Amino acid sequence: DAMKIPLTAGFPYRISVGLQASHPRNHPLFGVAQVDCTGSCNCMCADAPRSKPGCRFDTLSNTSAVTITTYLNLKVSEADPAVPALAAQAGCPADACVLQVRNAADNLS
């Protein structure tokens, strides 16, 4: 809703991703989720600096005794699907906007 979340120049679309984070006594605990867009779109967290693509969420940040759902708001822009390799790996058409959620620890290797 443009009245609630003003659109940013260059990012005409929004995607919200709900991530459920459990409380510390409910195992197994997970780590930091990395959310990225590939294919024919680029995205970044609504509150991130312009130079940082994607979005990160620490699922261990919930210190309450209940399970919560946090919504990440991503600003999205169209991209040239000239390099369709990542979309094809995800089994999607080259002109599709593919949203990937993975463990941020995978980026360390």
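One structure accompanies this document, and this report is about it.

Parameters at a glance
Residues numbered from 1 in each chain as written. Predicted model: local features only at pLDDT ≥ 70, side-chain atom pairs only at ≥ 80, totals over all residues. Heavy atoms only, no water. Pairing = 2+ DSSP bridges. Helix = DSSP H or I, 4+ residues; strand = E, 2+ residues; numbered from the N terminus. Axes fitted to C-alpha atoms, helices over the stretch in contact; angles between N-to-C directions. Disulfide = S-S within 2.5 Å. Core = buried A, V, L, I, M, F, W, Y, C linked by side-chain atoms within 4.5 Å. Buried < 20%, exposed > 50% of the residue type's maximum accessible area, 1.4 Å probe, protein only. Contact = heavy atoms within 4.5 Å.

### Structural notes on the sheet that holds strand β2 (residues 32-39)
In step 1: The antiparallel open sheet is built from three strands, whose spatial order is β4-β2-β6. Only two strands of the sheet have a single partner each, and these edge strands are β4 (55-58) and β6 (97-103). Across the sheet, the axes of successive neighbouring strands diverge by a mean angle of 20°, strand direction being ignored.
In step 2: Where β2 and β4 come together, four bridges link them in antiparallel fashion. Note that in β4 the partner of Gln-34 across the bridge is Arg-56.

### A short note on the state of the cysteines
In step 1: In total, this model carries three disulfides according to the counting rule given.
In step 2: A sulfur-sulfur distance of 1.9 Å marks the disulfide that ties Cys-41 to Cys-97. In this structure the cystine formed by Cys-41 and Cys-97 twists about its S-S bond by roughly 70°; its chirality is therefore right-handed. Of this pair, Cys-41 sits in strand β3 (residues 41-45) while Cys-97 is found in strand β6, placing the two residues 56 residues apart along the sequence.
In step 3: Between the sulfur atoms of Cys-45 and its disulfide mate Cys-55 the distance is 1.5 Å. Taking the sign of the S-S torsion, 75° for the link of Cys-45 and Cys-55, the bridge is right-handed. Taken together, the residues Cys-45 in strand β3 and Cys-55 in strand β4 connect sequence positions ten residues apart.
In step 4: Looking at the protein chain, its bonded cysteines, counted consecutively from the start of the sequence, adopt the pairing 1-3, 2-6, 4-5.

### Quick look at the nonpolar core
In step 1: Ranked by internal contacts, the top residues of the largest apolar core, which has 14 residues, are Leu-19, Val-35, Cys-55, Leu-72 and Leu-74.
In step 2: Those elements giving two or more residues to this core turn out to be β1 (13-21), β2, β3, β4 and β5 (68-78).
In step 3: With near-sequence residues (within four places) excluded, Val-35 lies in contact with Val-17, Gly-54, Cys-55, Leu-72, Leu-74, Leu-99, Gln-100 and Val-101.

### What about the pairing of β3?
In step 1: Among the five residues in β3, four count as buried, and that is most of the element.
In step 2: Bridging between β3 and β5 involves five bridges; their strand directions are antiparallel. From the neighbouring strand, Cys-45 faces β5, where its bridge partner is Leu-74.

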